[in-house]
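Chain residues, written in single-letter form:
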Amino acid sequence: MKTTLILNTSKHPNSYMFVLPIFTKSTSGKKTGQKKVPAALDLSHWSKDLKNEFKAINASKHFKGNNGDTLTFTKGKNTYLGFGLGDAKQIDGETFRREISKLYKAIKNKYDDAVLLLDGVLDKTNLNIDEIVYTTSESISLTCYGFEKYKSVEAKSKDVLQHIILSFSKVDKSQQSLAKNALKRADIISSSVNLARDFVFEAPNILDSENFAKEVASDAKKIKGVKVKVLKKEHLKKEKMKLFLSVNAGSSKDPNLVHLSYVPSKVTRNTPHIALVGKGLTFDSGGYSLKPPASQVGMKGDMAGAATVYGAFKAAVLLNPNAKISCFLGMTDNAISKTATFPDSVIKARNGKTVEILNTDAEGRLVLADVLSYACDQKPDVVIDCATLTGAISVALGNQICGLLSNNDKLCENLKVSANNIREYIWRLPIIDEFRDSVKSEIADLKNVGKNRYGGSCTAAAFLENFVSKDVAWAHLDIAGIATDQTHLPYCPSKGASGLMVRTLVHFLTSYEKQ
Ligand code: BES
Ligand code: MG
Ligand code: ZN
């Protein structure tokens, strides 16, 4: 799919289909007595000819102009699609993103090329030109995404839509540059979301911990200014990452810790250093604490945390952030074999704390523990880890909200601002002393599960906190509930990888200022 911007001309290829937004008048549509009267249509941004043509169609009498309503008509040789957007003043970035996504789905099998005539959106909604261009282009790229590499030609989707033009007919110089930048930004960010999705969709027999590291390293090497280091099994041993290695003990593949770093060209005392940490379990069988078969399906996506932070790192770096960014991805699978770790084992973490492993399926926190301690040694101001860590997060927050647990209020506020900005949902859960006590072991410093299953996402975070330096602001994002199957979001695949939180993290990384 190609999306281009055409400014200050009303001349477009005639063979294209033209999309014309239709609004409803906000003053009408109120209840009068018994019946709710439909709001009158607002077509004032259309040319007189088009308005007349539209009104002449009998079916236009039925057209309500609500979100998602469409009506096609022709004028001369051109085809037009009236595209209902409801009350213009009610439209915000997210409603617009969703409507564009639905529009894309409505036309993708019918038309080869389309022009979106967006003057009305600019004139009547509260959205600026950069928001309109950014949201439209991002929504199109996120919606047209599909993971089809394993499908034969016959089974692949048959979308015909190739090219979409975003057209504004009267914009000034400053709007032109805003629009052009917004298009570039949307391309960078949506490509990174789609890259993260590709990793999560990929099968575990293909994307194992060795190939995942190779793929990320070779991709990262192509980004200007990024240094790539891959710590292999021997390195991990030297680093005393025995918790990480214990998860890998049953695997036929080597573990890898991918360490990426970016330093901006101008560094001052005020340049912040942000570290990202990702859980990269290429498959989680549960180990000896084996998951039941139905719960194993989908566990190829247990590396979504690593995919998410890599996507965010890549997009942020391409947008020239004013921050040093380091990215640490802990990659292994969690398998069973004669060498796999037994429940009841006691293992010493990189930071010296001993951990009693009571459940080998609580493996993500073991990998993160050692990687967090390694990341903190690089002296970042902020560490954010992202992980499909607990099934309990879906019980607590549903499958629509990302869990946030942290040792720092200001960092939480900043992350919430970023999430709100692009309308992803994020909600903070507490870490209290009772949860800290819950992960204390009778025979070692810590155990890797809480006293009982209640508050499972909170006790997991209480465990992780032990591996974060006290002077580092830390946030943990539990994405187990949102990493896949975001059926309610039209711009996400209804089954499989969502790519959520990449955009929140990109916003955070590119706007963060040293506190
Ligand atoms: N990878 C899982 C968490 C998960 C569950 C991700 C569902 C995506 C969907 C994690 O490693 C795990 O198994 N957690 C256990 C922890 C428990 C043993 C304390 C869980 O949530 O059941
Ligand atoms: Mg597990
Ligand atoms: Zn897991």
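Use the structure listed above.
Remember, it's a predicted structure, so these values are computed and weren't measured experimentally.

Q: Describe the pattern of salt bridges, naming the residues involved and giving the relevant values.
A: Enumeration over the complete set of coordinates arrives at 26 salt bridges. Residue Lys 102 is joined to Glu 99 by a salt bridge in which the shortest nitrogen-to-oxygen separation is 3.1 Å. Residue Lys 102 and its partner Glu 99 are both found in helix H2 (residues 93-107); the two are separated by three residues, about one turn of the helix. A relative accessible area of 40% places Lys 102 in the partly exposed class.

Q: Give a detailed account of the coordination of the magnesium ion (ligand 2), specifying residues and quantitative values.
A: Around the magnesium ion (ligand 2), the protein contributes the donor atoms Asp 284 (OD), Asp 361 (O), Asp 361 (OD) and Glu 363 (OE), which lie 2.0 to 2.2 Å from the metal centre. Counting residues between consecutive donors of the magnesium ion (ligand 2) along the chain gives the motif D-x76-D-x1-E. Between the magnesium ion (ligand 2) and the zinc ion (ligand 3), the interatomic distance is 3.2 Å, and Asp 284 donates to each metal, bridging them. Under the relative-accessibility criterion, Glu 363 is labelled buried at 1%.

Q: So what's going on with the site of ligand 1? Residues and values would help.
A: Inspection of the region around ligand 1 gives 15 residues, with Asp 284, Lys 291, Asp 361, Glu 363 and Gly 391 positioned closest. A distance of 2.8 Å is found between an oxygen atom of ligand 1 and a side-chain nitrogen or oxygen belonging to Asp 361. Contact between ligand 1 and Gly 391: an oxygen atom at 2.7 Å from a main-chain N or O atom of the residue. For ligand 1, the protein covers 72% of the area, taking 520 Å² as the surface of the free molecule. Classifying every residue of the shell around ligand 1 by side-chain character gives four nonpolar, four polar and seven charged.

Q: Give a description of unusual backbone geometry that names residues and reports values.
A: Unusually for a residue other than glycine, Lys 240 sits at a positive phi of about 60 degrees. The phi dihedral of Lys 379 is positive, around 55 degrees, even though this residue is not glycine. Under the relative-accessibility criterion, Lys 379 is labelled exposed at 63%.

About the cut-offs
Residues numbered from 1 in each chain as written. Chains lettered and ligands numbered in written order. Predicted model: local features only at pLDDT ≥ 70, side-chain atom pairs only at ≥ 80, totals over all residues. Heavy atoms only, no water. Salt bridge = Lys/Arg side-chain N within 4 Å of Asp/Glu carboxyl O. Helix = DSSP H or I, 4+ residues; strand = E, 2+ residues; numbered from the N terminus. Buried < 20%, exposed > 50% of the residue type's maximum accessible area, 1.4 Å probe, protein only. Donors = N, O, S within 2.8 Å, 3.2 Å for Na, K, Ca; no water. Near = heavy atom within 4 Å. Polar contact = N/O pair within 3.5 Å; in protein donor to acceptor, adjacent residues only side chain to side chain. Areas by Shrake-Rupley, 256 points an atom, 1.4 Å probe, with all protein chains shown as cover. Nonpolar A, V, L, I, M, F, W, Y, C, P; charged D, E, K, R; others polar.

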